[in-house]
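Residue-level structural notes
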Amino acid sequence: MNKILVICCLVAVFGCKAKKQLTVNRPVVVPPKHVDQLSPIRSKQVIFNTFSAKARTSLNIDGSTNDCTLNIRINRDKEIWVSVTALLGIEVARAVITPDSIQVINRLQGVYMKKPFSFIHSYTNKQVNYTMLQALLIGNAIPQLLNDSTRYNSADNNITLSGNLKDLVYKLIVGHDMKVTQTNLSNQEAGQSLQINNNAFMVSNNQEVPSQIDIASVAKDKKIQVNLRYVKVDFNQQQDYPFSIPDKYSPAD
């Protein structure tokens with residue numbers, strides 16, 4: 001159960017190559033000096049109502065590796081739905097995360113879990129919220145980090161944004177096309193760090209998203225790596241978010 005919970009939580013927290021026929025022309029965008037320096041970055045954020053993706057995923061927890069496929073659906077600002085499948089496409093777990101709660105079904109063991117959203121803080125910093133999870137899954141900058149106190153530095157065709165969000169130290173690296181390529185979050189006192197790398201951008205429904213998202217998390221003595229490889233991505237398609245707990249399932253310990 002623990003591994004399945006980590007998969008569902010971390011995929012949401014942060015969360016095959018890009019389609020060959022899709023190419024991205026990534027021109028250099030130079031922000032005019034007389035406007036807000038963050039405006040060009042904000043203008044490149046993905047705007048959507050719904051999002052769906054299929055991702056080949058590798059999860060490594062302290063040296064133990066598990067491979068699976070994730071089907072992810074997002075109803076913007078409302079819920080993140082994740083289905084975890086193993087070999088032969090057999091579903092082993094399903095999760096729904098909302099701004100207030102997280103629910104997980106473990107089909108292998110016939111158990112379920114219902115927790116408040118704060119349960120995710122067992123694996124991440126307390127500053128992490130639903131909005132952050134949603135942004136990281138589609139390659140957006142975390143909205144809370146694009147604030148007036150963020151330090152801005154431009155060099156070598158990259159922009160570095162850095163600052164503090166309470167006890168959370170952050171640094172974002174933004175490419176010449178104003179897309180976030182790396183996000184770093186850390187809390188030295190709690191012994192927590194998180195790095196997310198976005199690579200191999202692809203286009204779907206006129207939206208540019210990373211097809212490769214690599215996550216490295218350290219929480220004291222626990223090390224976790226998650227590698228997402230999106231093989232299919234769609235925006236603004238009609239979709240449902242089925243989730244029901246079978247009567248015979250029992251609460252997880």
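Below, the structure is looked at part by part. (Residues numbered from 1 in each chain as written. Predicted model: local features only at pLDDT ≥ 70, side-chain atom pairs only at ≥ 80, totals over all residues. Heavy atoms only, no water.)

Turning our attention to the overall build of the chain. Check the secondary structure of the chain and you find three helices and 14 strands. Residue burial in the chain is summarised as follows: out of 253 residues, 51% are buried. (Helix = DSSP H or I, 4+ residues; strand = E, 2+ residues; numbered from the N terminus. Buried < 20%, exposed > 50% of the residue type's maximum accessible area, 1.4 Å probe, protein only.)

Tallying each qualifying case throughout the model produces seven salt bridges. The salt bridge involving D36 is made with R42; its shortest N-O contact spans 2.7 Å. According to the relative accessible area criterion, D36 is partly exposed, its value standing at 37%. Here R76 ties to D77 by a salt bridge, and the two come within 3.2 Å at their closest N and O atoms. The partly exposed category is assigned to R76, whose relative accessible area is 35%. (Salt bridge = Lys/Arg side-chain N within 4 Å of Asp/Glu carboxyl O.)

Right, let's get into a nonpolar patch on the surface. Taken together, the side chains of L87, L88 and I90 define a hydrophobic patch exposed on the protein surface, amounting to about 420 Å² of accessible area. By secondary structure assignment, the location of I90 is in the loop between β3 (79-85) and β4 (91-97). (Patch = residues over 30% accessible without salt bridge, like charges linked within 9 Å, V, L, I, M, F, W, Y side chains within 5 Å. Areas by Shrake-Rupley, 256 points an atom, 1.4 Å probe, with all protein chains shown as cover.)

What follows is about the environment of Y249. Note on placement: Y249 falls in the loop between β13 (222-235) and β14 (250-251). Residue class for Y249 comes out buried when judged on its relative accessible area of 12%. Separated by 142 residues in the primary sequence, Y249 and R107 have C-alpha atoms spaced 8.7 Å apart. Setting aside chain neighbours within four positions, we find Y249 in contact with I105, N106, R107, G110, V111 and Y112. (Contact = heavy atoms within 4.5 Å.)

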